[in-house]
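What follows is each chain in one-letter form.
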There are 2 protein chains.
Amino acid sequence: MKKSDVVHLILGDRLQNPLYSESATAFAPTNIALCKYWGKRDSELNLPNTSSLSISLGDKGATTTLQVKDQADDQVTFNHEKILSSSGFHKRLTAFLDLFRTQKSLHFQINIKANIPLAAGLASSACGFASLVLALDQLFHWQLSLKHLSILARLGSGSAARSITPGFVEWEKGIQDDGMDSYGKLLPETWPDLCVGLLMVNQNEKKISSREAMQRTIDTSLFYPLWPEKVEQDLIHIKKAIHEKDFLLLGKTAESNALTMHGIMLSAWPPISYYLPETISAMQTIWALREQGLALFFTQDAGPNLKLLFLAHDFERIKKCFTTMELVKPFLPRVFNKT
Amino acid sequence: MKKSDVVHLILGDRLQNPLYSESATAFAPTNIALCKYWGKRDSELNLPNTSSLSISLGDKGATTTLQVKDQADDQVTFNHEKILSSSGFHKRLTAFLDLFRTQKSLHFQINIKANIPLAAGLASSACGFASLVLALDQLFHWQLSLKHLSILARLGSGSAARSITPGFVEWEKGIQDDGMDSYGKLLPETWPDLCVGLLMVNQNEKKISSREAMQRTIDTSLFYPLWPEKVEQDLIHIKKAIHEKDFLLLGKTAESNALTMHGIMLSAWPPISYYLPETISAMQTIWALREQGLALFFTQDAGPNLKLLFLAHDFERIKKCFTTMELVKPFLPRVFNKT
């Protein structure tokens, strides 16, 4: 099944909607997975091998403005810088927009602003595609459900399925070939004391994309086949932890999930490692603080940066050890009430 | 079954041998596993879950001198420094010697000299116990076979089973409860061009012993159950590589085996990591050199140091990048002809 088939399933006649307005702007938060998405069952539709669970990072994310332009092709800027039409980023965006053009001649000026670095393991493509889908929904006045918005975002980038809303989101893997049962669901719980600390040890673009790393892991690691079992166990624990506000269980499970994902990558060939010396150094500090009794954990995505997990009352103590850490409170009222 | 039962099986009446001489000195090389030993099926007899395969490191290792002393207990020195009788090291040694005392009152002065750091992932206990067994064999004139020497050394420390001879040694896991089929076997092949580069990034004692790390991995990692399958595949490739002098296959398999072992440790809880920032930095340099076409690989044991694997003709180029690296040529004639 092709992406365009899914788009037809969701939009049907609305694909012929006239433009509602000349421009639209939408924000989507980035998200970090507490239980990771690693491996696809369908790489065309970005359908995952496993479910995953994330937390959206409040006001960290991407804002996309779409303007209809009378021009021969799409123009893209990222943080005010023009993106070359020959770049992979540009091609990926325009190919995605092709799915939604009401006529071939319809072209856009796409301005994306993000307050996180690009392709450094902060799910920039997740919030990028989610905000693009939200902007399209406004522009064409589709008024899609969160479910359908999540599915369309997934067609752009898998983890974008989890970036449509703030809060805890579970992306269910689904079993259907068309993926209509594979989308992000907002969990009812909030957790105002929960903090995420962004520890950027390196803001450069990663050398190997998540997409490529996932595929190589599946193709070459003897250990990947056990990953779905690990996820199944971890999801149970994370949902229990969120429900019962059991921070130690949440932290332990999220950290173990991330370490296991990186451990499996080490067993791929050629080996995949997102560790930098600074990553290891930070991990050692975290473990040392934990031995001293501090409830501090981390997670790590396909990049060298760590995301620290802790509760608000420990912030000052942690900030002293990680002076460059950026605090995110995912459930700050001003953020969460936006939905 | 107890260690003393195995000692009786091997030595029988010879356990009552009078002393052959008042002192004996023996050297045993340390060894690094190209396919690792990780996990025990019997922790009393140090019987492994899997076979493993190592290369002995030429003249790097330990020399043990045993002297019979008319004193109330054993005295131990390590590199001329007296070891306290309250230390774990002293207790482990004297408990081992208890297995062989012809009379309770027999005590020893044990002087161990090693040209490798203690407990830093350079198999110091392997060469330590192997040299002690070789010295006992001389002192009591047992004239044991290599097989029996390997089994006795294993009772002291698992990987000591592979440190009785120079060269490539395969330690077969065996299936018997008494472990009489679990010992190191010297492979017939030599490989004079093969080089090992010791890259010591940290000589401190490791925080968590291999023994403890193994057990925690088995107890808590969901991924350990696949380790024996990985070893089985890797052993086939390594033996083929040695037989056919296929260095790329040897290097790739050894590196993947080590990375997988460390990856599985990351999936344990609490997580186990022997990585230091310097370890990661060296790994990155190795991978960058390999991308430039250099046939350079590494292996890593339960410590932060790396052992580089390469062929003699690449030494100069590699030495430029790793100026502190110590070269070992395991098959130097002066070393190998000692057997």
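Since this is a predicted model, take the numbers as computed values, not measurements.

Undergrad: How should I be thinking about the interface of chain A and chain B in this particular structure?
TA: Reports often express the size of an interface as the amount of accessible area lost when the parts come together. Taken together, the contacts link 28 residues of chain A with 28 residues of chain B. Interface area lost by chain A to chain B is led by Leu222(A), Phe223(A) and Trp269(A), which between them contribute 28%. The interface formed by chain A and chain B holds zero salt bridges in total. The set of elements that each furnish at least two residues to the side of chain A that touches chain B consists of helix 6 (227-244), helix 7 (247-266) and helix 8 (277-291) of chain A. Class assignment for the residues of the side of chain A that touches chain B results in 15 nonpolar, eight polar and five charged.

Undergrad: Sorry if this is basic, but what is going on with the sheet that holds strand 13 (residues 326-328) of chain A here?
TA: Each strand in a sheet pairs with its neighbour through backbone hydrogen bonds, running either in the same direction (parallel) or in the opposite one (antiparallel). Residue and element names in this part refer to chain A. Read from one edge of the open sheet, four strands run 11-12-10-13, paired in antiparallel fashion. For this open sheet the edge positions go to strand 11 (297-300) and strand 13, each flanked by a neighbour on one side alone. Neighbour to neighbour, the strand axes of the sheet diverge by 30° on average, direction disregarded. Relative to strand 12 (residues 306-311), strand 10 (residues 194-199) is paired through six bridges, and the arrangement is antiparallel. Bridge pairing links Gly197 to Leu308 in strand 12. Together, strand 10, strand 11 and strand 12 form the strand contacts of helix 7, whose direction differs from that of strand 11 by roughly 35°. Lying on the sheet, helix 8 is in contact with strand 10, strand 11 and strand 12; it crosses strand 11 at an angle near 155°.

Undergrad: Quick question: what am I supposed to make of the sheet that holds strand 13 (residues 326-328) of chain B here?
TA: Residue and element names in this part refer to chain B. An order of 11-12-10-13 is seen for the four strands of this open sheet, with the pairing classed as antiparallel. For this open sheet the edge positions go to strand 11 (297-300) and strand 13, each flanked by a neighbour on one side alone. In this sheet, neighbouring strand axes are inclined to one another by 30° on average, regardless of whether the strands run parallel or antiparallel. Pairing analysis gives three bridges linking strand 10 (residues 194-199) to strand 13, with the strands arranged antiparallel. Of the residues in strand 13, the one forming a bridge with Gly197 is Leu327. Along the sheet, helix 7 (residues 247-266) makes contact with strand 10, strand 11 and strand 12 (306-311), crossing strand 11 at roughly 35°. Docked against the sheet, helix 8 (residues 277-291) engages strand 10, strand 11 and strand 12, running at close to 155° with respect to strand 11.

Undergrad: Is there a simple way to explain the nonpolar core in this structure?
TA: Within soluble globular proteins, side chains that are nonpolar tend to cluster in buried spots. If you look at the biggest cluster of nonpolar residues, it comprises 92 residues, and the most contacted ones within it are Phe168(A) and Phe168(B). Beyond its immediate chain neighbours, meaning those up to four positions away, Phe168(B) contacts Leu34(B), Leu53(B), Ser54(B), Ile55(B), Lys185(B), Leu186(B), Leu187(B), Glu189(B), Trp191(B), Leu194(B), Ile242(B) and Phe331(B).

Undergrad: What's the story with the relation of the copies chain A and chain B in this structure? I'm lost.
TA: Superposition of the two copies of the chain requires a rotation about an axis and a shift along the axis. Placing chain A over chain B gives an RMSD of 0.0 Å and needs a rotation angle of 180°, together with 0.0 Å of translation along the axis. As the rotation angle and translation indicate, the two copies are arranged about a two-fold axis.

Undergrad: How should the environment of Thr25(B) be read in this particular structure?
TA: Residues and elements named next belong to chain B. Secondary-structure assignment places Thr25 in strand 1 (residues 23-35). Overall, Thr25 belongs to the partly exposed group, its relative accessible area being 40%. Sequence separation of Thr25 and Gln67 is 42 residues, and the distance between their C-alpha atoms is 8.8 Å. Among the polar contacts made by the side chain of Thr25, one reaches the side chain of Thr65 at a distance of 2.9 Å.

Undergrad: Please explain the pattern of salt bridges as it appears in this structure.
TA: Once the charged atoms of two side chains with opposite charge are near each other, the side chains can pair. What the rule picks out here adds up to 22 salt bridges over all chains. Lys307(A) is the salt-bridge partner of Asp301(A), the closest N and O atoms lying 2.9 Å from each other. On the basis of relative accessibility, which here comes to 14%, the residue Asp301(A) falls in the buried class. In this structure, Glu255(B) and Arg290(B) form a salt bridge, with 2.6 Å as the shortest nitrogen-oxygen distance. Remark: Arg290(B) occurs in helix 8 and Glu255(B) occurs in helix 7; sequence separation between them is 35 residues.

Undergrad: Any chance you could explain helix 1 (residues 3-11) of chain B here in plain terms?
TA: In an α-helix there are 3.6 residues to a turn, and that puts residues three or four apart on one side. Residue and element names in this part refer to chain B. Where helix 1 is concerned, the buried positions are Val6, Val7, Ile10 and Leu11. Along helix 1, the residues classed as buried sweep out an arc of 115° about the axis, all on the same side. Buried residues along helix 1 sit in contact with helix 4 (146-156). Directly after helix 1, the chain includes Gly12, whose backbone phi takes a positive value near 50°.

Undergrad: Help me understand the packing of helix 6 (residues 227-244) of chain B against helix 7 of chain B in this model?
TA: A packed helix pair is summarised by two numbers, namely the angle formed by the two axes and the spacing between the axes. Residue and element names in this part refer to chain B. The geometry of helix 6 relative to helix 7 is characterised by a closest axis approach of 8 Å and an angle of 160° between their N-to-C directions. Our classification of the angle between helix 6 and helix 7 gives roughly antiparallel. Judged by the twist between their axes, the crossing of helix 6 over helix 7 is left-handed. On the side of helix 6, the interface is formed by Trp227, Lys230, Val231, Asp234, His237, Ile238, Lys240, Ala241 and Ile242, while helix 7 contributes Leu249, Leu250, Thr253, Ser256, Asn257, Thr260, Met261 and Ile264. When grouped by side-chain class, the residues that make up the contact of helix 6 with helix 7 number nine nonpolar, five polar and three charged.

Undergrad: When you look at the domain arrangement of chain A in this model, what are you seeing that I'm missing?
TA: Residue and element names in this part refer to chain A. Segmenting chain A into domains produces domain 1 (3-186) and domain 2 (194-336). With 34 residues of domain 1 at the interface, the matching set in domain 2 holds 45 residues. Between domain 1 and domain 2 lies a buried interface of about 3,300 Å² when both sides are counted; carbon and sulfur atoms form 71% of it. Sorting the residues of domain 1 by area buried against domain 2 places Leu34, Lys36 and Trp38 first, and these three jointly supply 26% of that buried surface.

Undergrad: Looking at this structure, how should I read the state of the cysteines?
TA: For the structure shown, the criterion picks out zero disulfides over all chains. Of all cysteine sulfurs in the structure, the one in Cys195(B) sits closest to Cys321(B), which takes part in no disulfide; the separation is 15 Å.

Undergrad: When you look at the pairing of strand 12 of chain B in this model, what are you seeing that I'm missing?
TA: Two faces belong to every sheet, and in a regular strand the side chains alternate between them. All names here are of chain B. Burial of strand 12 is extensive: six of the six residues sit out of reach of the surface. Across the two faces of strand 12 the burial is the same, with Leu306, Leu308 and Phe310 and Lys307, Leu309 and Leu311 all buried. Here strand 11 runs beside strand 12; their pairing, made up of four bridges, is antiparallel. Note that in strand 12 the partner of Gln300 across the bridge is Leu306. Between strand 11 and the antiparallel strand that follows it, strand 12, lie five residues.

Undergrad: Would you take a moment to explain the packing of aromatic side chains for this structure?
TA: Summed over the entire model, instances satisfying the criterion amount to 23 aromatic pairs over all chains. Ring geometry for Phe78(B) versus Phe89(B): centroids 6.0 Å apart, planes at 90°, classification edge-to-face. Of this pair, Phe78(B) sits in strand 5 (residues 75-78) while Phe89(B) sits in helix 2 (residues 88-98); the two residues are eleven residues apart in sequence, bridging distant segments of the chain. Judged by relative accessible area, Phe89(B) falls into the partly exposed class, the value being 28%. Relative to Phe129(B), the ring of Phe96(B) lies with its centre 5.1 Å away and its plane at 80°, an arrangement referred to as edge-to-face. Here Phe96(B) is found in helix 2, whereas its partner Phe129(B) is found in helix 3 (residues 124-139), with 33 residues between them in sequence. Here the aromatic residues Phe96(A), Phe100(A), Phe129(A), Phe140(A) and Trp142(A) are joined through ring pairs into a cluster of three or more.

Reading guide: rules and limits
- Residues numbered from 1 in each chain as written.
- Chains lettered and ligands numbered in written order.
- Predicted model: local features only at pLDDT ≥ 70, side-chain atom pairs only at ≥ 80, totals over all residues.
- Heavy atoms only, no water.
- Contact = heavy atoms within 4.5 Å.
- Buried area = accessible area lost by both parts, 1.4 Å probe.
- Salt bridge = Lys/Arg side-chain N within 4 Å of Asp/Glu carboxyl O.
- Helix = DSSP H or I, 4+ residues; strand = E, 2+ residues; numbered from the N terminus.
- Nonpolar A, V, L, I, M, F, W, Y, C, P; charged D, E, K, R; others polar.
- Pairing = 2+ DSSP bridges.
- Axes fitted to C-alpha atoms, helices over the stretch in contact; angles between N-to-C directions.
- Core = buried A, V, L, I, M, F, W, Y, C linked by side-chain atoms within 4.5 Å.
- Buried < 20%, exposed > 50% of the residue type's maximum accessible area, 1.4 Å probe, protein only.
- Least-squares fit on C-alpha atoms with pLDDT ≥ 70 in both.
- Polar contact = N/O pair within 3.5 Å; in protein donor to acceptor, adjacent residues only side chain to side chain.
- Arc of directions from axis to C-beta.
- Parallel < 35°, antiparallel > 145°, perpendicular 65-115°, else oblique.
- Left-handed = near helix turned anticlockwise from the far one by under 90°.
- Domains from an automatic or database assignment.
- Disulfide = S-S within 2.5 Å.
- Phe/Tyr/Trp six-rings, centres within 6.5 Å; stacked < 30°, edge-to-face > 60°.

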